[in-house]
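Letter by letter, the chains look like this.
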Amino acid sequence: MAGAPALGRVLSAMVTPMREDGSIDLEQAQSLAVHLVEHGHDGLVVSGTTGESPTTSAREKDELLRAVIEAVGDRAVIIAGAGSNDTAKSVESVQMAHKAGADAVLAVTPYYNKPPQAGLVAHFTALADASDLPVMVYDIPGRSGIAIARETYLRIAEHDRITAVKDARGDLWFASELMQATGLDWYSGDDAMNLAHFGNGAVGFVGVTSQVAPTAYREMADAVLDGRWDDARAVHRRLAPIVEAVMNVTQGAIMAKAALAEQGLISSATVRLPLVPADDVQRSLLREAIAVVTA
C-alpha cells in the first residue's frame, strides 16, 4: 500500500452531539473528537450526513467545525461536509469551511434533483473552484439517486483540487478500474466493505461504526498496512455484529448516537426530526454488539 494519504487513512463521519432539547452540544463534540483522535483516528468528517447536515443550519455547522478544529485540528485532518443538492449553497459552505480552517471538504452527489452527468461535472467543479481546499467527492447512489459515471470521474479528476473519493456504491470492480484510471485517493464509504476496499487498493475509509469501535478499526487498518491479512480479517469479522447493528437496523446516525450514548461518550442520543431516537429493542441490539467488540 502506498504511503500515508494526505487526508488520512482511518476517518469517521462524526455524529453531531445534541442536548435533549435538540441544540448542538459543542463541548461534547470536542470531547468526542478528542476521544476518536486519541484512539487512532487520522481524521474526522464534520457535518456529513451522519452529522445530520440536512437539519443543521449554516451557523451551527460553522460553530461545530470551529469547535472541532479547536479541539483536534493540530492532530487530525478535519474535513467539512459541504455538499447539498443546491450548488450555490454548497459553494457558500465550501467558502465558510475554508474560512474556519478546515483541511478539506466532502462533496456528496446532489440528491433528489437527479442532475445529468454534465450537471455533476459542473457542480463538483464549482465546489473545487470555490476555495483552495482539497475536495473528496462522495458517491452514494443509494441515497442520492444517481451514480457518478465513469466519464464524469475522468473529467473531474482533471481538477487539481478534486483529490479523493468516498465510495459507497458497492461496486468493487468499478472502483478498481477508476482508481487506476483517475489516480484519485479512494476511500471506502461503506462500513461492511472497508476490508474489501483495502484489498482492492483503497487508501482508507470514512466510517460510521468506526466512531463506536475506534481501536478495533485502527487495528484492522494497521494490520493491512503491515501485510497481516489474517489479523485484519479477524478484526473485520469481530466487527460484524456492530456493523450490522449500527448500519442495517435503521438509519446509521440514529444507531451511532445510541451506541455512543451507551458507551458514555455522549450524554444524549437525541437526533433531529425526521430522524427519531433508537427504541428499546434497537438499543438492546447495540449493547449486545458492543459487548462482542469489546470482549
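Residues numbered from 1 in each chain as written. Predicted model: local features only at pLDDT ≥ 70, side-chain atom pairs only at ≥ 80, totals over all residues. Heavy atoms only, no water.

Moving on, we get to a nonpolar patch on the surface. Together, Val249, Val281 and Leu285 make up an exposed nonpolar region whose accessible area comes to about 230 Å². When you line up the elements, Val249 lands in the loop between α10 (229-247) and α11 (252-262). (Patch = residues over 30% accessible without salt bridge, like charges linked within 9 Å, V, L, I, M, F, W, Y side chains within 5 Å. Areas by Shrake-Rupley, 256 points an atom, 1.4 Å probe, with all protein chains shown as cover. Salt bridge = Lys/Arg side-chain N within 4 Å of Asp/Glu carboxyl O. Helix = DSSP H or I, 4+ residues; strand = E, 2+ residues; numbered from the N terminus.)

We now examine the UniProt feature "binding site: pyruvate" (unreviewed entry) in the protein. As annotated in UniProt, the feature "binding site: pyruvate" (unreviewed entry) corresponds to Thr50 and Val206 in the numbering used here. Considering the C-alpha atoms alone, the annotated residues occupy 157 residues of sequence yet fold into one spot, their largest mutual distance being 10.9 Å. Within the annotated group, the residues that form the lining of the second largest pocket are Thr50 and Val206. Tracing the backbone through its elements, the reader meets Thr50 in the loop between β2 (43-46) and α2 (58-72). A relative accessible area of 10% means that Thr50 is categorised as buried. When near neighbours in sequence (up to four residues on either side) are disregarded, Thr50 contacts Ala13, Met14, Val15, Val208, Gln211 and Ala253. In this structure, Val206 sits in strand β8 (residues 204-207). In this view, Val206 contacts Leu11, Ser12, Ala13, Val45, Met136, Lys166, Tyr187, Ser188, Gly189 and Asp191; residues no more than four positions away in its chain are not counted. (UniProt positions renumbered as here; feature names shortened; annotations may be inferred. 1 Å grid on protein atoms, 1.4 Å probe; cavity = no way out; pocket = protein on both sides within 12 Å on 5 of 7 lines; lining within 4 Å. Buried < 20%, exposed > 50% of the residue type's maximum accessible area, 1.4 Å probe, protein only. Contact = heavy atoms within 4.5 Å.)

Within this structure, the stated rule accounts for four aromatic pairs. On the numbers, 5.9 Å between centres and 55 degrees between planes, the contact of Tyr153 with Phe174 is tilted. Of the two residues, Tyr153 is situated in helix α6 (residues 150-156) and Phe174 in helix α7 (residues 172-182); the sequence distance between them amounts to 21 residues. The two residues Tyr153 and Phe174 agree in class, both being buried. Seen in terms of ring centroids, Tyr153 and Trp186 are 5.5 Å apart; in terms of plane orientation they differ by 45 degrees. Their pairing is tilted. Note that Tyr153 is positioned in helix α6 and Trp186 in strand β7 (residues 185-188), a separation of 33 residues in sequence. The pair formed by Tyr153 and Trp186 is uniform in burial state, with each residue classed as buried. In this structure an aromatic cluster arises from ring pairing among Tyr153, Phe174 and Trp186. Over the ring of Tyr138 we find Lys166, and its NZ or CZ is 4.0 Å from the ring centre. (Phe/Tyr/Trp six-rings, centres within 6.5 Å; stacked < 30°, edge-to-face > 60°. Lys NZ or Arg CZ within 6 Å of the ring centre and 35° of its normal.)

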